[in-house]
Amino acid sequence: MDLGERIFALAEEIFPICRSITGDGVRETLRCLKRYIDLQVREVPTGTKVFDWTVPKEWNIRDAFVKNTQGERIIDIGSSNLHVLNYSTPIHGEMPLSDLKPHLFTLPEQPDLIPYRTSYYREAWGFCLSHNQLLQLPEGTYEVCIDSSLEDGHLTYGEFLCPGASEDEILLTAHVCHPSLANDNCSGLATLTYLARHLSAKNTRYTYRFLFAPGTIGAITWLARNEHKVGHIKHGLVVSCVGDGGGPTYKKSRRGDAPIDRAFCHVLRRIATTPNILDFSPYGYDERQFCSPGFDLPVGLFQRSQFGRFQEYHTSADDLAFIRPQHLASSYRMIAAVLHMLERDYRPVSANPKCEPQLGRRGLYEPVGGQTHTPDYTMALLWVANLADGRHSLLDMAERADLPFDLIVEVAQALRTKGLLTECGGRIING
Ligand code: ZN
């Protein structure tokens with residue numbers, strides 16, 4: 001299997017699990033991911049104060065259905081876990097259609113699809129179904145059963161730390177709270193798991209922290225418990241909806257000019273013809289928490305189609321047919337390209353800052369072997385030699401010169417080999 005097929009297979013494996021912001025669905029999902037990476041699973045008790053929030057009661061569900069007078073399950077969680085309003089309180093009884101209707105949720109605009117609805121912080125029960133099915137329900141008495149529990153328990157999240165040479169961290173996170181929705185976010189969980197496994201076998205400069213937590217309350221809980229660690233986070237990324245063919249979309253951090261923002265813009269503008277680059281807004285995924293003013297971390301959001309902007313979003317149409325192995329693989333490569341860029345970025349200092357170094361004497365203008373350098377290569381040499389004042393990173397230079405980062409790296413290495421550059425705060429390489 002190629003990379004895309006393997007990521008897809010993992011997404012497919014976790015797709016049927018009925019997840020929520022707490023409960024056994026999250027635990028079972030994390031157990032699946034743990035087969036690939038040495039995930040640490042954390043349990044935080046109900047009632048724990050986390051900034052302005054409180055860890056809620058734990059929700060678990062065993063069964064949910066509506067039966068007609070013939071005893072047939074006309075709505076059944078067994079056919080789709082989207083059928084139950086997520087976090088529904090338990091109920092069992094009989095009622096006429098008129099009493100049931102206020103608890104039924106549909107999408108009149110998309111009458112064939114089942115919506116995904118939640119009621120985390122207001123106790124309620126309900127069912128989601130297609131609008132067409134609702135229109136066909138005859139009057140009569142229905143048996144309604146939601147065999148759920150909402151009790152003191154835990155909020156569960158998973159964390160994987162992949163140590164690098166430096167304590168400086170790159171945080172990568174995906175939400176683990178949605179039930180059977182493939183793009184949102186089986187795609188993100190599977191993609192980051194494969195990325196984590198890949199990085200754990202590499203010698204990296206950065207330490208990588210992977211966080212798989214329920215949306216909003218999970219990120220808030222993690223931040224509340226790890227406030228002392230956030231100073232290590234130099235770059236961060238929220239990953240969701242990365243299995244469809246749209247976008248790519250990158251939403252910048254609140255800072256707007258963090259290195260991860262600029263690295264993503266650089267990579268996506270070179271890979272995609274029309275990348276969707278968005279400024280920060282306080283609506284979206286967990287970047288809202290990481291970019292809240294008390295933290296203001298350099299954390300962006302990567303997606304393919306932008307959330308809320310695709311027809312399948314938060315409906316039963318966000319199924320396994322909506323995500324494709326080749327899109328998962330290309331999303332993986334886009335993120336990996338940005339991480340590879342951050343790994344190689346540094347601020348060089350010229351060892352010869354007074355006037356231009358004599359490049360020709362060192363063979364940098366005319367390489368041995370007869371081939372000539374491209375004009376871009378020569379311009380890159382001149383830019384790097386000029387901007388190597390310890391204040392500009394290689395990424396700054398790539399942007400200012402409007403040249404590919406890889407070329408800037410190659411040229412900087414050539415200058416280092418000739419003893420013309422040092423790393424800011426570092427030593428001359430081969431000098
Ligand atoms: Zn969502």
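These numbers come from a predicted model, not from an experiment.

A.B. asks: Mind showing me how you'd approach the overall build of the protein here?
C.D. replies: When its secondary structure is counted, the protein shows 12 helices and 18 strands. Oriented by its inertia axes, the alpha-carbon framework of the protein measures out at about 95 × 40 × 35 Å. Counting every position in the protein, which comprises 431 residues, the buried fraction comes to 57%. Sequence-distant contacts in the protein: of pairs separated by 6 or more residues, those separated by 24 or more amount to 79%. As displayed, the protein has an accessible area near 18700 Å², and 48% of this comes from carbon and sulfur atoms. Across the protein, the 44 positively charged side chains and the 51 negatively charged ones have centroids separated by 8 Å.

A.B. asks: It is not clear to me how the coordination of the zinc ion should be interpreted in this structure. Could you clarify?
C.D. replies: Reference values for angles at a metal are 109.5 degrees in the four-donor tetrahedral case and 90 or 180 degrees in the six-donor octahedral case. Only His178 (NE2), Asp184 (OD) and His314 (NE2) from the protein coordinate the zinc ion, and they sit 2.1 Å from it. All donors of the zinc ion come from a single chain, and their spacing in sequence reads H-x5-D-x129-H. As far as burial versus exposure is concerned, His178 and Asp184 are alike and both buried.

A.B. asks: I keep staring at helix 5 (residues 182-200) and nothing clicks. Help me out?
C.D. replies: It helps to recall that an α-helix has 3.6 residues per turn; residues three or four apart then point in one direction. The terminal C-alpha atoms of helix 5 lie 26 Å apart, and with 19 residues this matches the ideal 27 Å at 1.5 Å per residue to within 8%. When you tally the buried positions in helix 5, you get 16 out of 19 residues, the bulk of the element.

A.B. asks: Explain the environment of Arg361 here, please?
C.D. replies: Following the sequence through the fold, Arg361 ends up in the loop between strand 17 (348-350) and helix 10 (375-387). Judged by relative accessible area, Arg361 falls into the exposed class, the value being 58%. Residues Arg361 and Leu297, 64 residues apart in the sequence, show an inter-C-alpha distance of 46 Å. A distance of 3.2 Å separates polar atoms of two side chains, one belonging to Arg361 and the other to Gln358.

A.B. asks: In this structure, what is going on with the domain arrangement of the protein? I would like to understand it.
C.D. replies: In many analyses, interface size is given as the accessible surface area lost on bringing the parts together. According to the domain assignment, the protein consists of domain 1 (3-56 + 154-344), domain 2 (58-151) and domain 3 (346-431). Between domain 2 and domain 3, the C-alpha centre-to-centre distance is 64 Å.

A.B. asks: Would you mind showing me how to read the packing of aromatic side chains here?
C.D. replies: What characterises a pair of aromatic rings is the spacing of the ring centres plus the angle enclosed by the ring planes. Counted according to the given criterion, the structure contains 16 aromatic pairs. With a centroid separation of 6.5 Å and 55 degrees between ring planes, the pair formed by Trp222 and Phe290 is classed as tilted. Here Phe290 lies in helix 8 (residues 287-290) and Trp222 lies in helix 6 (residues 217-225), a separation of 68 residues in the sequence. According to the relative accessible area criterion, Trp222 is buried, its value standing at 0%. Three or more aromatic residues joined by ring pairs form one cluster here, namely Tyr283, Tyr285, Phe307, Phe310, Tyr313 and Phe322.

A.B. asks: So what exactly am I meant to see when it comes to the pattern of salt bridges here?
C.D. replies: Pairs can form between side chains of opposite charge once their charged atoms are near each other. If you walk through the whole model with that rule in mind, you get 20 salt bridges. Taking the shortest distance from any N to any O, the salt bridge between Arg209 and Glu159 comes out at 2.6 Å. Of this pair, Arg209 sits in strand 12 (residues 207-213) while Glu159 sits in strand 10 (residues 154-162); the two residues are 50 residues apart in sequence, bridging distant segments of the chain. When sorted by exposure, Arg209 lands in the same class as Glu159, which is buried. Residue Glu399 is joined to Arg262 by a salt bridge in which the shortest nitrogen-to-oxygen separation is 3.0 Å. Here Arg262 lies in helix 7 (residues 259-271) and Glu399 lies in helix 11 (residues 394-401), a separation of 137 residues in the sequence. Given the relative accessible area of 36%, Glu399 is considered partly exposed. Its relative accessible area of 18% is what places Arg262 among the buried residues.

A.B. asks: Just to check I follow, could you spell out the sheet that holds strand 14 (residues 249-251) for this structure?
C.D. replies: Strands pair in a sheet through their backbones, by hydrogen bonds, and they do so in one of two ways: parallel or antiparallel. Strand order in the open sheet made by the 8 strands is 1-10-12-11-13-16-14-15, with mixed pairing throughout. Each edge of the open sheet is held by one strand with a lone partner, namely strand 1 (40-45) and strand 15 (276-278). Strand-to-strand, the axes of this sheet are offset by a mean angle of 20 degrees, without reference to chain direction. Docked against the sheet, helix 6 engages strand 1, strand 10, strand 12 and strand 13 (233-239), running at close to 65 degrees with respect to strand 10. Contacts between helix 7 and the sheet are confined to strand 13, strand 14, strand 15 and strand 16 (299-303), with strand 13 contributing the most and set at about 50 degrees to the helix.

A.B. asks: How should I be thinking about the nonpolar core in this particular structure?
C.D. replies: A general trend in soluble globular proteins is that nonpolar side chains are found buried together. The biggest cluster of nonpolar side chains holds 79 residues, and the ones touching the most others in it are Phe210 and Phe212. Per-element accounting of this core gives the leading share, 9 residues, to helix 5. Both domain 1 (3-56 + 154-344) and domain 3 (346-431) contribute no fewer than three residues apiece to this core. Ignoring any residue separated from it by four or fewer positions in sequence, one finds Phe212 in contact with Leu30, Leu33, Ile37, Leu39, Tyr157, Gly158, Ala174, Val176, Leu189, Leu192 and Thr193. Within the second largest apolar cluster, 57 residues are counted, among which are Val55, Leu100, Cys177 and Phe295.

A.B. asks: Where do I start with the packing of helix 7 against helix 11 in this structure?
C.D. replies: When two helices pack together, their arrangement is given by the angle between their axes and by how far apart the axes lie. Where helix 7 contacts helix 11, the axes come no closer than 11 Å and their chain directions differ by 45 degrees. Judged by the angle between their axes, helix 7 and helix 11 are oblique. Between helix 7 and helix 11 lies a crossing of left-handed hand. On the side of helix 7, the interface is formed by Pro259, Arg262, Ala263 and His266, while helix 11 contributes Leu395, Asp396, Ala398 and Glu399.

Cut-off values and rules
Residues numbered from 1 in each chain as written. Predicted model: local features only at pLDDT ≥ 70, side-chain atom pairs only at ≥ 80, totals over all residues. Heavy atoms only, no water. Helix = DSSP H or I, 4+ residues; strand = E, 2+ residues; numbered from the N terminus. Buried < 20%, exposed > 50% of the residue type's maximum accessible area, 1.4 Å probe, protein only. Contact = heavy atoms within 4.5 Å. Areas by Shrake-Rupley, 256 points an atom, 1.4 Å probe, with all protein chains shown as cover. Lys, Arg positive; Asp, Glu negative; His and termini not counted. Charge placed at Lys NZ, Arg CZ, Asp CG, Glu CD. Donors = N, O, S within 2.8 Å, 3.2 Å for Na, K, Ca; no water. Expected span 1.5 Å × (residues − 1). Polar contact = N/O pair within 3.5 Å; in protein donor to acceptor, adjacent residues only side chain to side chain. Domains from an automatic or database assignment. Phe/Tyr/Trp six-rings, centres within 6.5 Å; stacked < 30°, edge-to-face > 60°. Salt bridge = Lys/Arg side-chain N within 4 Å of Asp/Glu carboxyl O. Pairing = 2+ DSSP bridges. Axes fitted to C-alpha atoms, helices over the stretch in contact; angles between N-to-C directions. Core = buried A, V, L, I, M, F, W, Y, C linked by side-chain atoms within 4.5 Å. Parallel < 35°, antiparallel > 145°, perpendicular 65-115°, else oblique. Left-handed = near helix turned anticlockwise from the far one by under 90°.

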